[in-house]
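# Structure assessment
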Amino acid sequence: MSQQLSEQEILRRESLVALREMGIEPYPAARYEASHFSTDILEGFEKQEDDEVWTSVKLSGRIMTKRIMGKASFLDVMDSKGRLQVYLNRDILCPDENKDLYNVVFKRHLDIGDFIGITGKVFRTKMGEITIEADSLTVLSKSLKPLPIVKKDEEGNVYDAFTDPEQRYRMRYVDLVVNDHVKETFITRSKIMTAMREFFNRHDYLEVETPILQPIPGGAAARPFITHHNALNIPLYLRIANELYLKRLIVGGFEGVYEFAKDFRNEGMDRTHNPEFTAMEIYVAYKDYFWMMEFTEQMLEHVVKTVHNGKTEVSFGGTKLNFKAPYARVSMRDAILEHTQFDIDGKSEEELREACKKMGVEVDSTYGKGKLIDEIFGEKCEPKYIQPTFITDYPVEMSPLCKKHRENPEYTERFELMINGKEVANAYSELNDPIDQRERFEEQVKLAEKGDDEAMFIDQDFLRALEYGMPPTSGMGIGIDRLTMMLTDNASIQEVLFFPQMKPENKEEKKVELNENEKLISSLLEPETSYALSEIKEKAGLSNKQWDKSLKGLNQKEVTKVEKTESGLFIRLA
RNA sequence: GACUCAGUAGCUCAGCUGGUAGAGCAUCUCCCUUUUAAGGAGAGGGUCCAGGGUUCGAACCCCUGCUGAGUCACCA
């Protein structure tokens, strides 16, 4: 499989060979340990310029720009924390007669993107920039493909940014190198998860891991991915949720368990859905959903403060979101009443269907009561909740794993946390009555028979676990990707996933063989002879387009050569 | 899945009414020992996403396909 190399790629490969010929290994094995990160030097030198340590520092990273001025050069070196300018002076770097390290290795054979290590002393340039004056330079790794060059001027305006989303997502490694803010997003994502974990651990809850490959995909309503286990010869599903396994652990006697889980759903993709995504679910024994609301708002306030330097307010797409606890609590009935003047309380399926029609909410004949109410809420209310708001008490039909409301069995003890019109968290007083749970599953089976392809399966083992007894428990799930979007001001889930799902690239193999038309043309030519182009065109008898394409192809493949002389255009075999 | 937009040099983009492609950065050569979007002089670099069609002639018009983005639909 040969690939066509660009001019710049060929030159870099030539530099690679040249370095080896000079006895410099472009991919050395030895470790190279920097004394400081770039940011340490910048901040430290700013604080105390006369500190001894600045007379000898060691830095490693990627060359991001080269500014050569004859016998001296400046380059920006980027390490994992940031960038630092390096000053290369020919006679300081090469105090002896031999100036090859500067003239040949650096100027000729090192490129933007290469990794180097340098040692030297820190100083401030005439222009006031903190810089390392290098007294040694070590090649650490050669880069064979040119990076996109992104430039910034004094005012911070960005030029030639690497912005094509397709290329950025497919080549995230390049995106991360040249777009600083991308790295920031993922650092924040990590901080969010660390802050949550820290909050849970402080409460002595246990981080656990449960199966991703499940014989029955439970805990949510969604279409699963299916796979097959050869040795057992059974189908297995990739989990759509980990809820039922975590509850089994509460049955087993843990006080609180949580898991950051990769879930998989075989559904459409758009800017808020990726086939695999991360959900955090937590279950705590002897609690109810009222407790969980307080726990959730405190946890979120803690997370937001941690990633935003103590502030609870974040800006998302121009709107300000404030995560300071407590959050508003609105029951689903009140929400719908407020936004549509329709009271869902005590209504039959028919009445609800009629109401949907009146409101212009599209419904399907397969929808049950719960689904109808959900449609009304989704259409008329959901987008209205911008600031964090708990929507509580969902209809019983749409919450088959949730305990019935202690005051009204039509509803459940459930809340969802809405932020910016989107569902971010979902929580219950968990259903622990095994007989009720079995009946709810059976309701789901009826829905499935009606044609609802998302209705839940009956998980007999889960029911058995409940029959052994589960303490009253509250559970909560939160979408890490969507939360990260909100806290990093990104409108697309692809921006908060390192490697969002994409269609495969499937680049066609480049055809080196000649096609029929190209063969025809070359067959009309004898070696060492020139022909008038028009003559061959006539003989070939191809359409103008075909002739044009074929001739271009032949020239590209260096089979033929077209020459222009005073007497006209001529073609011959190359 | 529907609609809209886009795909041109390594990167960011121009390209008029159809006349075989341009700029900046990057690359190469030369000059330049504190520059910083370094500068000056010169040079090279293209499957104009792919395949058909219309035309004397297509990056441009038409059709089909591929890829991506946006909006909507679906999806807690």
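Further up the page is the structure itself.
Read on for an overview of the structure. Please read these numbers as outputs of a predicted model, since none were measured by experiment. For every chain, the first residue of its written sequence is number 1, and the numbers climb from 1 along that sequence. Working convention: letters from A go to chains and numbers from 1 go to ligands, in the order in which they are written. Since the coordinates come from a predicted model, pLDDT governs what is reported: local features require at least 70, and pairs of side-chain atoms require 80 or more to be given and counted, while whole-chain, interface and lining totals use all residues. Just so you know, side-chain values use all the structure's heavy atoms and leave hydrogens and water out.

### A look at the sheet that holds strand β4 (residues 115–124)
Paired strands are those between which DSSP finds at least two bridges. Helix and strand definitions follow DSSP, with helices as H or I runs of at least four residues and strands as E runs of at least two, each counted in order from the N terminus. The strand order around the closed barrel formed by 5 strands is β1-β2-β3-β5-β4, and the pairing between neighbours is mixed. This sheet shows a mean twist of 50° between the axes of neighbouring strands, independent of strand direction. Bridge count for β4 against strand β5 (residues 130–141) is 10 bridges, and the pairing is antiparallel. Paired with G117 across the two strands is T138, which belongs to β5. Contacts are assigned to residue pairs that have any heavy atoms within 4.5 Å of one another. All axes are obtained by fitting lines to C-alpha atoms, using only the stretch in contact for helices, and the reported angles, taken between N-to-C directions, cover 0 to 180 degrees. Helix-sheet contacts for helix α4 (residues 100–109) involve β1 (57–69), β2 (72–78), β3 (83–89) and β5, and the interaxial angle to β1 is about 80°.

### A short note on empty space enclosed by the protein
In this analysis, the protein atoms alone were mapped onto a 1 Å grid. Cavities are point sets where a 1.4 Å probe fits without being able to get out; pockets are open sets with protein on both sides within 12 Å along at least five of seven lines; lining residues have an atom within 4 Å of a point. Grid points are joined across faces, edges and corners, and a volume is the space filled by probe spheres set on the points. In total, this model carries 1 cavity of 30 Å³ or more according to the counting rule given. What the largest cavity holds in volume is close to 60 Å³. Together, I344, D345, G346, K347, K369, I373, P395, E397, E410 and Y411 line the largest cavity. In terms of residue class, the lining of the largest cavity is built from 4 nonpolar, 1 polar and 5 charged. Gly is placed with the polar residues, together with every amino acid not listed as nonpolar (Ala, Val, Leu, Ile, Met, Phe, Trp, Tyr, Cys and Pro) or charged (Asp, Glu, Lys and Arg).

### Examining the environment of I419
Relative to the elements of secondary structure, I419 occurs in strand β18 (residues 414–419). Only protein chains enter the calculation, and the probe is 1.4 Å; a residue is then buried if its accessible area is under 20% of its type maximum, exposed if over 50%, and partly exposed in between. When its relative accessible area of 0% is taken as the criterion, I419 is described as buried. Residues I419 and R265 lie 154 residues apart in sequence; the distance between their C-alpha atoms is 23 Å. Apart from the residues lying within four places of it in its own chain, the contact partners of I419 are L321, F323, Y385, I386, P388, V424 and M486.

### Let's talk about the pattern of salt bridges
If the charged atoms of two oppositely charged side chains come close together, the side chains can form a pair. Salt bridges are identified by distance alone: a Lys or Arg side-chain nitrogen within 4 Å of an Asp or Glu carboxyl oxygen. In total, this model carries 41 salt bridges according to the counting rule given. A salt bridge links E33 to R31, with the shortest nitrogen-to-oxygen separation between them at 3.3 Å. Classification of R31 by relative accessible area gives exposed; the value is 72%. Note that E443 is salt-bridged to K446, the shortest N-O span being 3.5 Å. With E443 and K446 both in helix α13 (residues 434–450) and 3 residues apart, this pair spans about one turn of that helix. Classification of E443 by relative accessible area gives partly exposed; the value is 44%. Among the ionic contacts, a cluster of salt bridges with common partners joins R12, D111, D114 and K142.

### Observations regarding the pairing of β3
Most of β3 sits out of view: 6 of its 7 residues are buried. Judged from the 7 bridges that link them, β2 and β3 form a sheet pairing that is antiparallel. Paired with D76 across the bridge in β3 is Q85. As paired strands, β3 and β5 are joined by 3 bridges and run parallel to one another. Paired with Q85 across the strands is T131, a residue of β5.

### Let's talk about the packing of aromatic side chains
Two aromatic rings, drawn from Phe, Tyr or Trp (for Trp, its six-membered ring), form a pair once their centres lie within 6.5 Å of each other, and the interplanar angle then sorts them: stacked below 30 degrees, edge-to-face above 60, tilted otherwise. By the definition in use, this model includes 18 aromatic pairs. Seen from their ring centres, F390 and F415 are 4.8 Å apart, and the 75° between their planes marks the pair as edge-to-face. You can see F390 sitting in strand β17 (residues 389–392) and its partner F415 sitting in strand β18, a full 25 residues away along the chain. F415 carries the same exposure label as F390, and that label is buried.

### Considering helix α15 (residues 480–488)
With respect to burial, α15 is a largely interior element, 8 of its 9 residues being buried. Listing the buried residues of α15 in full gives I480, D481, L483, T484, M485, M486, L487 and T488. One or two positions beyond α15, positive phi appears at D489, with a value near 55°.

### So, unusual backbone geometry
P326 follows A325 through a cis peptide bond whose omega is 0°. Looking at where P326 falls in the secondary structure, it is placed in the loop between β15 (319–322) and β16 (328–331). Phi is positive for D393, which is not a glycine, with a value near 60°. Take D393: it is sitting in the loop between β17 and β18. The residue D489 is not glycine, and still its phi comes out positive at about 55°. Among the residues examined, D489 registers a relative accessible area of 39% and is labelled partly exposed.

### Quick look at the packing of helix α7 (residues 180–202) against helix α9 (residues 289–307)
Working note: a packed helix pair is described by the angle between its axes plus the distance between those axes. Orientation of α7 relative to α9, taken along the N-to-C sense of each, is 135°, at an axis distance of 9 Å. Classified by the angle between their axes, α7 and α9 sit oblique to one another. Once α7 is placed against α9, the crossing between them reads as right-handed. For the pair α7 and α9, contact is made by T188, K191, I192, A195, M196, E198, F199, F200 and R202 and by F295, Q298, M299, H302, V303, T306 and V307, respectively. For the contact of α7 with α9, the per-class residue count stands at 9 nonpolar, 4 polar and 3 charged. Throughout this description, any angle smaller than 35 degrees is read as roughly parallel, any larger than 145 degrees as roughly antiparallel, any in the 65 to 115 degree range as roughly perpendicular, and the remainder as oblique. Each crossing gets its hand from how the near helix is turned against the far one by less than a right angle, where anticlockwise is left-handed and clockwise is right-handed.

### Examining the packing of α7 against α15
Two numbers describe how α7 lies on α15: the axes approach to 10 Å, and their chain directions differ by 120°. Relative to α15, the element α7 is oriented oblique. As α7 runs across α15, the sense of the crossing is right-handed. Along the contact surface, α7 presents T185, T188, R189, I192, M193 and M196, while α15 presents I480, D481, L483, T484, L487 and T488. Among the residues making up the contact of α7 with α15, the classes are represented as 6 nonpolar, 4 polar and 2 charged.

Geometric values such as these leave the question of function open.
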